[in-house]
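What follows is each chain in one-letter form.
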Amino acid sequence: MAERYYSVDRVAELLGLHVKTVRGYVRDGRLKATRIGRQYRIAAEDLEAFTGRPAPAPARGGLHAETSAIVRVDGIGREEVIRLANTVMAAAGSRPRDGGGPLRVETVYDEERAALTVVILGGLDGAAELLKIVNLLVGEERGA
């Protein structure tokens, strides 16, 4: 039988906890996890040991899809960055959690190069919605 592994995001979603809380459990050693690259994976048996109940069966035949998208916006000023980043973060935080799990958004602004990088991690539908919002905002900033 193949062993099932869960991402930290998926465990947080299953347990109704914040991702940072689950990462804290992993760092403290309360929840056993394996580090693969820069991410942790939690085995189903370790999740069961942690919660004291069986790990949930994979939904929809065991398939779960997530994406990571990186958007770079060049030639953008600090005020535009603040507006765009705040709007995208608010949109990600206000999404219903039933559409593929929570979204994570991180932004990095390089003022010297006037370049904004937006990283979106999460479910396909939610990420697609956020990419549309970024596209719309970039178009507005450019006067399109």
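Not measured: the values here are computed from a predicted model. (Residues numbered from 1 in each chain as written. Predicted model: local features only at pLDDT ≥ 70, side-chain atom pairs only at ≥ 80, totals over all residues. Heavy atoms only, no water.)

Participant: How would you sum up the packing of helix α1 (residues 8-15) against helix α3 (residues 44-51)? Please name residues and give values.
Facilitator: Viewed as axis vectors pointing N to C, α1 and α3 meet at an angle of 35°, and their least axial separation amounts to 13 Å. As for the relative orientation of α1 and α3, their crossing is right-handed in sense. Here Val11, Leu14 and Leu15 of α1 lie close against α3, whose contacting residues are Leu47, Phe50 and Thr51. Here the contact of α1 with α3 is composed, by residue class, of five nonpolar, one polar and no charged. (Axes fitted to C-alpha atoms, helices over the stretch in contact; angles between N-to-C directions. Helix = DSSP H or I, 4+ residues; strand = E, 2+ residues; numbered from the N terminus. Left-handed = near helix turned anticlockwise from the far one by under 90°. Contact = heavy atoms within 4.5 Å. Nonpolar A, V, L, I, M, F, W, Y, C, P; charged D, E, K, R; others polar.)

Participant: An account of the sheet that holds strand β5 (residues 104-110) is requested, with residue identities and associated values reported.
Facilitator: Here we have three strands laid out as an open sheet, ordered β4-β6-β5, and antiparallel in their pairing. Edge strands, defined here as strands with exactly one partner in the open sheet, are β4 (66-74) and β5. Between one strand axis and the next, the sheet turns through 10° on average, direction left out of account. The sheet contact formed by β5 and strand β6 (residues 115-123) spans seven bridges and is antiparallel. Along β6, the bridge assignment pairs Thr107 with Val118. Most of the contacts of helix α4 (residues 78-93) go to β5, to which it runs at about 175°, and overall it touches β5 and β6. (Pairing = 2+ DSSP bridges.)

Participant: Requested: an account of α1, with residues and values cited.
Facilitator: For α1, the full list of buried residues reads Val8, Asp9, Arg10, Val11 and Ala12. Along its buried surface, α1 packs onto β1 (5-7), α2 (19-28), β3 (39-43), α3 and β5. Backbone geometry just after α1 places Gly16 at a positive phi near 70°. (Buried < 20%, exposed > 50% of the residue type's maximum accessible area, 1.4 Å probe, protein only.)

Participant: Describe the packing of aromatic side chains, listing the residues and the values that go with them.
Facilitator: Scanning all chains against the criterion turns up one aromatic pair. The interplanar angle of 45° and the centroid separation of 5.2 Å between the aromatic rings of Tyr25 and Phe50 together place this pair among those described as tilted. Of this pair, Tyr25 sits in helix α2 while Phe50 sits in helix α3, placing them 25 residues apart in sequence. The exposure class of Tyr25 is buried, given its relative accessible area of 18%. The class of Phe50 is partly exposed, set by a relative accessible area of 28%. Positioned over the ring face of Tyr40 is Arg35, at 5.2 Å from the centre of the ring. (Phe/Tyr/Trp six-rings, centres within 6.5 Å; stacked < 30°, edge-to-face > 60°. Lys NZ or Arg CZ within 6 Å of the ring centre and 35° of its normal.)

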